[in-house]
Structure formats: structure tokens, C-alpha cells
Amino acid sequence: RNYYLALCGGISVYLFQTIFNFGEINNLFLFYLLLGLIFSIGKVSSKSFSLRGVLAGIAKFILVFMMLFALVFAFIFGVIQEGRADYYLRNARLDDMNKLYSHVDMDYQLAISARPQEYSLYQFYGDFLLATGASSQNPTVIEQAIENYEKSLQLNNNYPSTHHNLALAYLQIYRITRQAKYSESSRQNYQLSVDKAPNNPRYPYEFARKLHTDFDDVPAAITMLRKSIAIAPNYQEPQDYLNFLYKNYPALR
């Protein structure tokens, strides 16, 4: 019964967040689920204590004040700020669909100001800046995208998609400036995206394409394509690309 109640508690919190649109940025379901499981197996003590006299009154007042302060703090930063971030994130996506790009930029900045420790907001903002800078061939905007991707990685460097997008941003600047430092940074982050997703065939496939088209390293491209096929033998795109390279570079077969 305790396990059942713990599961219900975790799922209820998750549903509550989803209904009130607070579940998109941070999915806290597993956190609350595990927290409920911990409480369900812990021993609850029925012992209590009492305080008497003036000191007891002061202690109780301080305790109540601290609890109220904690509740207010949790409400402001755990509910209001997350709600603001989610609100502006949704506005940014809506304005992007309506091509109100100046509003999109402001919406992302407001969302980040509400949740400055949320890594995904920096990645979303970086994606917008990368698309904008690439279409206009503006290296300054792409550099801003790089800054946001790097901030995202400082907060959470476990996501291969962030490294992949950062690699693409460096590659875009390299295509514009032809500076070798950007090429090297791009390759490093493409490799990190592959390393952090050892069971995902898409990342080595995407890296292989860039190795061929941008970095002029066909042998390394073939190695990545073989890696992608080894992960997913039925994945046709890397197999077709590998056959194409073998046709044009038969000595590397």
C-alpha cells in the first residue's frame, strides 16, 4: 500500500505540473517518484517534544517564520519563476511561427532571466540564433548562438544534441570566415556528440556527412558511417552514403 501511495503521489505531482503548464521545462516526475518511494520505506517516528516558557514562544515564532519564509521562497522560485519561463518560452515559439523575430529574441531573454539555471532555455535560444545567423550569414549572431550553447553545456553537458548544435554553429562560422580554429572546434563537438550517444546512429551519420563535405576527410567519414551502420544495420541512409563514397573512392573500400 505504501508503494502504491508513493506511485500515486509522484504521478499526481507530474499531472498537476502538466495541467498547469509547468512540466515542459523541467520534468520532475522521476524526482518526486523517487522521493515518494523513499518516504514510503522510511520509518516514521511518533515521538514528539514540547517547549514551555518564554524561550519556547520565541523558538516557535522563529520556527513558524522560517517555515513561512521557506514556503514563500519555494512558491516564488519554484512556481512563479518556472511559470514565467514557460510562458515566455511558449510566446517565443508562437512569435517564431508568426515571423516576429524581434519579439522572439526578447521572449527568450525573458525566459532565461526567469530561470537562469535552466540549461534547455539556453539551447532553445541558441537554436533560434543559429537559424537566424545562418540564414543571414551573420557571424555575430552565430557567435551569440555559440555563447548560449556553451552556457547550456556549463549547466548540463550530458546532452549530445547540444554538442551537435554547437558543432554546427562553429561550422557555420568556419564556412563564412574560413578560420581553422572554428573548423577544429566544430570537429571536436561533433565527436563529443557521437561519444555521448553511443547507441544513436544519427550522430555518427551527421558527422560523417560533414567530414566528407566540409572537412575533406573521406577516410574518417567512412569510419563514422561504418560506426552508424554497426549501431543500426537497417539504417539505410548511412549505407547509401557509404556506397556512394566507395563508388567515388574505390581504394578506400
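Here is a short report on the structure shown in this document.

Calculation rules
- Residues numbered from 1 in each chain as written.
- Predicted model: local features only at pLDDT ≥ 70, side-chain atom pairs only at ≥ 80, totals over all residues.
- Heavy atoms only, no water.
- Phe/Tyr/Trp six-rings, centres within 6.5 Å; stacked < 30°, edge-to-face > 60°.
- Helix = DSSP H or I, 4+ residues; strand = E, 2+ residues; numbered from the N terminus.
- Buried < 20%, exposed > 50% of the residue type's maximum accessible area, 1.4 Å probe, protein only.
- Lys NZ or Arg CZ within 6 Å of the ring centre and 35° of its normal.
- Core = buried A, V, L, I, M, F, W, Y, C linked by side-chain atoms within 4.5 Å.
- Contact = heavy atoms within 4.5 Å.

## Quick word on the packing of aromatic side chains
Scanning the model with the defined rule gives 10 aromatic pairs in all. Here the aromatic rings of Y241 and F244 are separated by 6.1 Å at their centres, their planes lie at 80°, and the arrangement is edge-to-face. Of the two residues, Y241 and F244 both sit in helix 11 (residues 236–248), 3 residues apart, roughly one turn of that helix. For Y241, a relative accessible area of 15% puts it in the buried group. Counting every residue linked through ring pairs, the aromatic cluster contains Y101, Y108, Y125 and F128. A cation over a ring is seen here: R178 above Y174, with NZ or CZ 4.4 Å from the ring centre.

## Structural notes on the nonpolar core
The biggest cluster of nonpolar side chains holds 50 residues, and the ones touching the most others in it are Y108, F207, L225 and L245. The leading source of residues in this core is helix 7 (residues 160–177), at 7 residues. Residue contacts for L245: discarding those within four places in its chain leaves H212, V218, A221, I222 and L225.

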